[in-house]
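# Structure assessment
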Amino acid sequence: MVRGAAGVVIGLVIGAGGMYLALRPPWGGGRALVPADAGVVAQAPSDDGPVGPSKKKKRRRPGGTVAAPAPGDDPEGGHEETEPAPALTAADRALEWRGDDVTPPPARLDMSAGDARKLDDGEINATVATQADGVRTCVIQGATGTDLTATITVKLLVGGEGRVTRSRVQAPRYLLEHGLLPCVQRALGRMKFPASGAPTQVTFPINLS
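Keep in mind that what you see is a predicted model, and the values were worked out from it rather than measured. (Residues numbered from 1 in each chain as written. Predicted model: local features only at pLDDT ≥ 70, side-chain atom pairs only at ≥ 80, totals over all residues. Heavy atoms only, no water.)

Our next topic: the overall build of the chain. A count of helical and extended segments in the chain gives five helices and six strands. Counted from the first residue to the last, the chain has its helices and strands arranged as β-β-α-β-α-α-β-β-α-α-β. When each of the 209 residues of the chain is scored for burial, the buried share is 35%. Partitioning the intrachain contacts of the chain with sequence separation of at least 6 by distance along the chain shows that 82% fall at a separation of at least 24. Accessible area for the chain stands at about 12,800 Å²; split by element, carbon and sulfur atoms hold 52% of it. (Helix = DSSP H or I, 4+ residues; strand = E, 2+ residues; numbered from the N terminus. Buried < 20%, exposed > 50% of the residue type's maximum accessible area, 1.4 Å probe, protein only. Contact = heavy atoms within 4.5 Å. Areas by Shrake-Rupley, 256 points an atom, 1.4 Å probe, with all protein chains shown as cover.)

The structure is reproduced here in structure tokens:
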């Protein structure tokens with residue numbers, strides 16, 4: 001389980017430009033394109049389990065002796081042991097890119113394409129806001145049992161028919177070594193953007209804290 005209460009925030013996105021909506025562009029001076037409270041927010045479950053009074057069973061002991069607790073028993077009455085969080089090194093926490101090349105193919109003049117265009121900001125935002133739960137779950141599962149905090153970046157190339165064709169992830173090495181990339185790619189493969197007739201590069205961040 002994630003130590004403490006780990007929060008995961010999936011930010012909304014803009015199209016080919018790769019800006020994070022509701023965040024100031026890296027060069028400063030920009031305006032938010034969606035309300036500040038937009039996005040998908042989730043909290044990882046606590047490892048405390050159901051809250052309630054624990055019942056202790058009294059054991060009859062021979063007079064003058066003190067019984068040693070049985071292996072795994074808590075002297076206060078509980079008997080659940082939790083594994084300590086792994087000791088992560090600086091290398092484990094370092095951000096790395098892994099995945100496909102998501103550079104859009106060169107634009108071609110195709111008169112038969114008709115109204116082919118890139119996805120607009122509203123179409124991207126609506127799809128990420130309603131269909132990114134699978135990506136969020138991958139991050140929560142990967143970070144379970146750690147104290148990791150990071151901003152994870154997901155880049156993908158959406159084909160003209162609305163399906164994700166390629167993707168890459170920037171994340172702490174620990175998460176990538178524990179299966180984050182294939183999990184995220186499977187989740188992205190289930191997403192369906194509007195068909196626009198032209199490929200669009202999409203970028204969105206996931207804040208793990």
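Let's shift gears to the side chain of Ser-196. Within the secondary structure, Ser-196 is located in the loop between α5 (180-189) and β6 (200-208). On the accessibility criterion, Ser-196 (8% relative accessible area) is buried. In this structure the side chain of Ser-196 is engaged in a polar contact, spanning 2.8 Å, whose partner is the backbone oxygen of Arg-117. Engagement of the side chain of Ser-196 in a polar contact is seen with the backbone oxygen of Ala-198, the distance being 3.1 Å. Once residues lying within four places of it in the same chain are set aside, the contact partners of Ser-196 are Asp-115, Ala-116, Arg-117, Lys-118, Leu-119 and Gly-160. (Polar contact = N/O pair within 3.5 Å; in protein donor to acceptor, adjacent residues only side chain to side chain.)

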